[in-house]
There are 2 protein chains.
Amino acid sequence: MKTLKIGICGWGNVATGLFKAIEKNSNLIQLNGGVNLTIDVIGARRDNPKCNPGKTKIERDIFDVIKHDIDVVVELIGGVEVARELIIKAITNKKHVVTANKAVIFHHGDELFKLAQENGVKILFESAVCAGTPIIKLLKEELAANKVSKISGMLNGTSNFILSNMEEGAEFDSTLKLAQDKGYAEPDPAFDIEGMDAAHKIGILSSLAFGTSLPPEDFFVEGITKIQKSDFSYAMDMGYTIKHLAVAKINESSLELRAHPALISLDSHLANLKGVRNGMEIDTDLIGKIHIAGSGAGQESTASGLISDLIHLSNTNEISDQLYKGDEGKYPVLDFSNLVFQYYFYIEAEDKPGVMASITSLMASKEVGIESIVQKEELGDSCVPIILITDPFKESDHAELQKELLNLDSVRAIRSIRIEAK
Amino acid sequence: MKTLKIGICGWGNVATGLFKAIEKNSNLIQLNGGVNLTIDVIGARRDNPKCNPGKTKIERDIFDVIKHDIDVVVELIGGVEVARELIIKAITNKKHVVTANKAVIFHHGDELFKLAQENGVKILFESAVCAGTPIIKLLKEELAANKVSKISGMLNGTSNFILSNMEEGAEFDSTLKLAQDKGYAEPDPAFDIEGMDAAHKIGILSSLAFGTSLPPEDFFVEGITKIQKSDFSYAMDMGYTIKHLAVAKINESSLELRAHPALISLDSHLANLKGVRNGMEIDTDLIGKIHIAGSGAGQESTASGLISDLIHLSNTNEISDQLYKGDEGKYPVLDFSNLVFQYYFYIEAEDKPGVMASITSLMASKEVGIESIVQKEELGDSCVPIILITDPFKESDHAELQKELLNLDSVRAIRSIRIEAK
């Protein structure tokens, strides 16, 4: 049986998880993957009390890992700039690279893929995008014969956990706290709940499926912090729930790329995906629509993805993954303000005659159609919520409309969520 | 760029679909797969008016395809015994085999995998199991580092189409007719609606995940023909829908293997999967629970799976897929009668005093607990449906209990469906 010699850089949770998973399932890996994975050296700035690496050689300078006689560097140090430097050094020393680092792929993917191609080595990164959901190999291998036209889904487990708890009646703040207690959310949760994590992931997937650049052009990103618990019950009444969606979609010869909360139909396959889960829907020409869903990243999921990359490395005989595609056939990213959505508006107004008339007149003057407008039960303080569903209109008119609605005499507060077309 | 020389055996819908897909997406295949797929010869007993093979060499005796200088035989003749012979001849002539034929893999898998291993060639069969859902490579590659503990799901698109239409209020017979008109069901639909298609698929998946034999030991298979439209509304009232489920599941050191209709919770991820779709849930040790769903087999989905097999063949450097695992670590298949289920019973009874008492007394005498028993609205002819949900009890007692319930004085008809535990 062949052997793949591995150097691990980094010795935190993910690295020790990989170390333990290779130990635990080594028979299985040999049986299924036909390869003996050996960890020859670990680059660890310091020991990790949670894992004893046994007799494995330790380097305190992670860059020294590359000097060893290894086939592949597994980059698990995190961050962006040092990770980039490390990967570049590994590649130019003709080592393959496996990484779980989505930020470095998002920001420097094109540069790194090009360099890898020039040096005849591979970069694999299954665990960098939804580690519990093997979306990278699905796109690159199983769907290789398909033209993909759309990828959409919930790519951030923390946001999905928070929103699906809010769907059950919990408040945002207490659910975020719960997510932090359970280790699903970081002490500083901004990266997850402001949408950047999902944005990084859809950027990488878009590069794989549609050849967009890494880093991508700027695209629209919005997090879940403005969603209120009551939005769920109003949405439910109309057959919707609320999810944080990331979307990359061919729109004639350009590409929609966006990540934001959206109302989605309750009977869609993604609506039932609750908790710390990631789920995607992929539209293709040959195979139609595929769904895939898995748990958000954890230590063991990440290890699973890293190992599948290592097995893949040992079983493929040449550099057929042309990750760097240059500018050929590239889809330009559409200006978000040109997209068209239906909108859900929550309007908090004084409970007095004429409010509905003033809202509908304003909508008419803006030439935005109304699909439905419903006044809900008074909230107290003679204040009523009005739920307005618009016909589709252009994103560029949205901010202005929202501002003018808020300027109406009797309107006290307003918020809006896009509705994802079926 | 390397070339893979292909001989296609069979020239029906699937074969012409493959021919057209390779033609249509050849640039994409070269870009994503790094291989030029050339169809060098086609074994066609007769021409197919739907597809002109151009200058491709035709052999009227499909066995003559193997004599050509090709790398791989794509077996698309269907059936079992001739297909087996053809595959054996291809293997012993050192040709790889790609097939979409689930029957031949189910009935002769172990023999063929062993022979392939001895001859240093591969058999790939992504399209043989749920062609629109790349479950084979998912299990063999992406989850290679994982211990799988359970695979369950809807593996037959026709059954799922019929059941999800019945959920919306349609009758069985008219929906079956509709499925036939749309080409989802065969003129003789028995193979699909009696559960054998799903049984073949779960048998193959169980072999991949748990090393069970091909052909497998006998296991429990039941189709969807006894389900009535009204069962859906009664199930819905209790938070369930009805799906045809195939399950392979580790139960201590043996294996549950079964395919039958089941009530599943409406909030489960599989419940929302409607129409001609296949969907699976896979439980693993590292990565947790994965869901994957795709369209049922069609000409193009099948082509997509075949092409992904061909790309995989050209990119892997050795026979690492040990499909034939011998008897090592094999899980014996559990006797179905030892399994324990909750049951849904639909009992049609005369609307007179004492009926509920006689049912509940019988249940008590059998020591089967009752979770709920509800008398529904009269059907006319002084006949009432009674919906009984039992506590879990042993499958071996089920037939006898059903018989005795039917023997009760006032009971006119009865049917039952297993409830799948969450």
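### As for the overall build of chain A
In step 1: Within chain A, the secondary structure is distributed over 13 helices and 17 strands.
In step 2: A compact globule built from 422 residues should have a C-alpha radius of gyration of about 22 Å, and chain A, at 24 Å, falls within 12% of that.
In step 3: Each of the three principal axes of chain A carries a C-alpha extent, and together these read 80 × 45 × 35 Å.
In step 4: When the 422 residues of chain A are sorted by exposure, 52% land in the buried category.
In step 5: In chain A, of all internal contacts separated by at least 6 residues, the share reaching a separation of at least 24 is 74%.

### Structural notes on the domain arrangement of chain A
Residues and elements named next belong to chain A.
In step 1: Under the domain assignment used here, chain A contains domain 1 (2-132 + 303-315), domain 2 (143-293) and domain 3 (339-419).
In step 2: Domain 2 and domain 3 are separated by 25 Å when their C-alpha centres are compared.
In step 3: With eleven residues of domain 2 at the contact, the number on the domain 3 side is ten residues.
In step 4: Secondary structure elements with two or more residues in the side of domain 2 that touches domain 3: α10 (229-237) and β10 (254-265).
In step 5: Taken together, the residues of the side of domain 2 that touches domain 3 sort by class into seven nonpolar, one polar and three charged.

### Thoughts on the pairing of strand β12 (residues 289-295) of chain A
Residue and element names in this part refer to chain A.
In step 1: Counting buried residues in β12 gives six out of seven residues, a clear majority hidden from the surface.
In step 2: Summarising the sheet, strand β11 (residues 277-284) and β12 pair through seven bridges and their orientation is antiparallel. The residue bridging N278 from the neighbouring strand is G294, located in β12.
In step 3: Connecting the antiparallel pair β11 and β12 is a turn made up of four residues, with G288 showing a positive phi of about 75°.

### Some details on the sheet that holds strand β6 (residues 123-124) of chain A
In step 1: The parallel open sheet is built from six strands, whose spatial order is β3-β2-β1-β4-β5-β6 (chain A). In the strand order of this sheet, the two ends are held by β3 (57-59) and β6 of chain A, each with one partner.

### Looking at the sheet that holds strand β2 (residues 35-43) of chain B
Residue and element names in this part refer to chain B.
In step 1: Taken in spatial order, the six strands of this open sheet run β3-β2-β1-β4-β5-β6, and their pairing is parallel. Two strands close off the open sheet at either side, each with one partner strand: β3 (57-59) and β6 (123-124).
In step 2: Across three bridges, the pairing between β2 and β3 is parallel. In the sheet register, G43 faces β3, and the bridge partner there is E59.
In step 3: Sheet contacts for helix α1 (residues 13-24): β1 (2-9), β2 and β4 (72-75); angle to β2, the most-contacted strand, approximately 145°.

### Observations concerning helix α9 (residues 196-210) of chain A
Residue pairs spaced three or four apart in an α-helix point in one direction, given the helix's 3.6 residues per turn.
All names here are of chain A.
In step 1: Helix length check: α9, at 15 residues, gives a terminal C-alpha distance of 20 Å against a target of 21 Å (1.5 Å per residue), a fit within 8%.
In step 2: Burial analysis of α9 places 14 of its 15 residues in the buried class, which makes it a mostly covered element.
In step 3: After α9 finishes, the residue G211 shows a positive phi value of roughly 70°.

### Topic: the pairing of strand β12 (residues 289-295) of chain B
In step 1: Two elements, β12 of chain A and β12 of chain B, share three bridges in a ladder whose sense is antiparallel. Its bridge partner lying in β12 of chain B, H291 of chain A is registered against A293 of chain B.

Conventions we followed
- Residues numbered from 1 in each chain as written.
- Chains lettered and ligands numbered in written order.
- Predicted model: local features only at pLDDT ≥ 70, side-chain atom pairs only at ≥ 80, totals over all residues.
- Helix = DSSP H or I, 4+ residues; strand = E, 2+ residues; numbered from the N terminus.
- Rg over C-alpha atoms; globule rule 2.2 N^0.38 Å.
- Buried ≥ 20, exposed ≤ 12 C-beta atoms within 10 Å, placed from the backbone.
- Contact = placed C-beta atoms within 7 Å.
- Domains from an automatic or database assignment.
- Nonpolar A, V, L, I, M, F, W, Y, C, P; charged D, E, K, R; others polar.
- Pairing = 2+ DSSP bridges.
- Axes fitted to C-alpha atoms, helices over the stretch in contact; angles between N-to-C directions.
- Expected span 1.5 Å × (residues − 1).

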